[in-house]
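Single-letter residue listing:
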Amino acid sequence: MAGAVPLVEIWRGPFLESVHAGHAVVCNAGGEIVEAWGDPEAVVLPRSSSKMLQALPLIESGAADAVGLTREQLALACASHNGAAIHSERVTAWLANLGFSDADFCCGPQEPRDIEARDELIREGKPVCRYHNNCSGKHSGFLTLTKHLKAGPEYVALDHPVQKAVKAAFEEVTEEDSPGYGVDGCSAPNFAATMHGMARAMAFFAAANPDGDRRQAAAVRLREAMAAYPELVAGEGRACTELMRAMDHKVAVKTGAEGYFVAIVPEKKLGIAVKIADGASRGAECLTAALLVRHGALDPAHPVAQKYTHGAIKNWDGLVTGRMRPVEGVLPPL
């Protein structure tokens, strides 16, 4: 995280209590840097912020259309969902349509983040399953591609045809050779890229034309599916869902673990990549919202914009004790 700069501040009363440092890059349709903070060449694992890149081969291969995947399913392929009923029911139906079961997933079982779904499992004494995993939509996409390619079951292996296709798409859209990978929380490879590379990839998605080549058409379908179904991409109370709704479903945004966040802004043909060095999601959410305001995609007066750019910090008695805000100069003056 060398070269990270202060980007988000936490104030308690008149005291600056904490600072989140990191990197941020905004790219235009040509892949050129419009503006940046920190080091644009910092190499980072984008984690779940790369899911729309990982889903490109699902469409480009013809696998999605071969089984008639819907826009809802494409949104789930890019999701880090809460494991609520709206997520798990769709994932299990997808599996059944493919002729697979929960055991065919390579992701591990994960307790639902959704409280209602979690409590129902506890009350009924049911086990936590792999389809509850926040990445089960992505893995449903991987299984769809696996079946289409008639490949083996270990679809998260680096030398599997699915991951070879993912790596090729990732490198082509970021326009750089990935220097390596880490194993993600769901056991799939997660390829590293520079901040510039990821912002460039998001700008590609933003500028893609539905009448363009196969890859552009695939990118449009994924970004539009995400924006149309923000509740499937994340869930109630989540920044991804709230921000996409606040921008009238015109922008696609996606969180990643350890303080990563990306945004696809089609009307401006801009791509945004954010990384908070200490891994704090709250910092990434604040900065991403601020950059969306800065570039005219998010109304600064919208309650969701206010929540993330000037978020109140409350104590256990409900008293406002502080504020979180981007560093001076990131948000345009009111």
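Rules behind the numbers
- Residues numbered from 1 in each chain as written.
- Predicted model: local features only at pLDDT ≥ 70, side-chain atom pairs only at ≥ 80, totals over all residues.
- Heavy atoms only, no water.
- Buried < 20%, exposed > 50% of the residue type's maximum accessible area, 1.4 Å probe, protein only.
- Helix = DSSP H or I, 4+ residues; strand = E, 2+ residues; numbered from the N terminus.
- Pairing = 2+ DSSP bridges.
- Axes fitted to C-alpha atoms, helices over the stretch in contact; angles between N-to-C directions.
- Parallel < 35°, antiparallel > 145°, perpendicular 65-115°, else oblique.
- Contact = heavy atoms within 4.5 Å.
- Nonpolar A, V, L, I, M, F, W, Y, C, P; charged D, E, K, R; others polar.
- Core = buried A, V, L, I, M, F, W, Y, C linked by side-chain atoms within 4.5 Å.
- Polar contact = N/O pair within 3.5 Å; in protein donor to acceptor, adjacent residues only side chain to side chain.
- Salt bridge = Lys/Arg side-chain N within 4 Å of Asp/Glu carboxyl O.
- Phe/Tyr/Trp six-rings, centres within 6.5 Å; stacked < 30°, edge-to-face > 60°.

### Concerning the pairing of strand S10 (residues 270-276)
Counting buried positions over the 7 residues of S10 gives 7, a clear majority of the element. Here S10 shows two buried faces, one formed by Leu270, Ile272, Val274 and Ile276 and the other by Gly271, Ala273 and Lys275. Pairing between strand S2 (residues 15-27) and S10: 6 bridges, direction antiparallel. Residue pairing across strands places Cys27 opposite Gly271, the latter belonging to S10. Bridging between strand S9 (residues 260-265) and S10 involves 6 bridges; their strand directions are antiparallel. Pairing of Val262 across the sheet is with Ala273, part of S10. Here S9 hands over to S10 after 4 residues, with Lys269 in that stretch at a positive phi of 55°.

### Observations regarding the packing of helix H5 (residues 85-98) against helix H7 (residues 136-149)
Viewed as axis vectors pointing N to C, H5 and H7 meet at an angle of 10°, and their least axial separation amounts to 10 Å. The pairing of H5 with H7 is recorded here as roughly parallel in orientation. Contacts from Val91, Trp94, Leu95 and Leu98 in H5 reach Ser136, Gly137, Ser140, Gly141, Leu143, Thr144 and Lys147 in H7. In terms of residue class, the contact of H5 with H7 is made up of 5 nonpolar, 5 polar and 1 charged.

### Some remarks on helix H12 (residues 239-246)
Across the 8 residues of H12, 7 count as buried, placing the element largely inside the fold. Residues of H12 that are buried include every one of Ala239, Cys240, Thr241, Glu242, Leu243, Met244 and Ala246, and no others. Turning to H12, the residues buried within the fold contact helix H10 (214-228), helix H11 (230-233), strand S8 (252-256), S9, helix H13 (281-294) and helix H14 (303-309). Downstream of H12 by one or two residues, Asp248 has phi in the positive range, about 55°.

### What about the nonpolar core?
As a rule of thumb, soluble globular proteins bury nonpolar side chains together. Membership of the largest hydrophobic core comes to 102 residues, with the highest contact counts inside it found for Met52, Met198, Phe205, Leu243, Val253, Leu292 and Leu298. Among residues more than four places away in sequence, those in contact with Leu298 are Leu243, Ala246, Met247, Ala289, Leu292, Val293 and Ala305.

### Digging into the side chain of Thr194
Within the fold, Thr194 resides in strand S7 (residues 193-194). For Thr194, a relative accessible area of 10% gives the class buried. Of the polar contacts made by the side chain of Thr194, one reaches the backbone nitrogen of Gly197; its length is 2.8 Å. Leave out the neighbours within four places in its chain, and Thr194 touches Pro40, Glu41, Ala42, Val43 and Glu176.

### With respect to the pattern of salt bridges
Under the definition given, this model contains 15 salt bridges. Glu60 is paired through a salt bridge with Arg215; the nearest N and O atoms lie 2.8 Å apart. Within this pair, whereas Glu60 is found in helix H2 (residues 56-60), its partner Arg215 is found in helix H10, the two being separated by 155 residues in sequence. Lys167 is paired through a salt bridge with Glu171; the nearest N and O atoms lie 3.0 Å apart.

### Examining the side chain of Gln73
Along the chain, Gln73 turns up in helix H4 (residues 71-77). When sequence neighbours within four positions are dropped, the list of residues in contact with Gln73 reads Gly68 and Trp94.

### As for the packing of aromatic side chains
Within this structure, the stated rule accounts for 4 aromatic pairs. Between Phe142 and Tyr155 the ring centres are 5.9 Å apart and the planes differ by 55°, which places this aromatic pair in the tilted class. You can see Phe142 sitting in helix H7 and its partner Tyr155 sitting in the loop between H7 and helix H8 (161-174), a full 13 residues away along the chain. On the basis of relative accessibility, which here comes to 2%, the residue Phe142 falls in the buried class.

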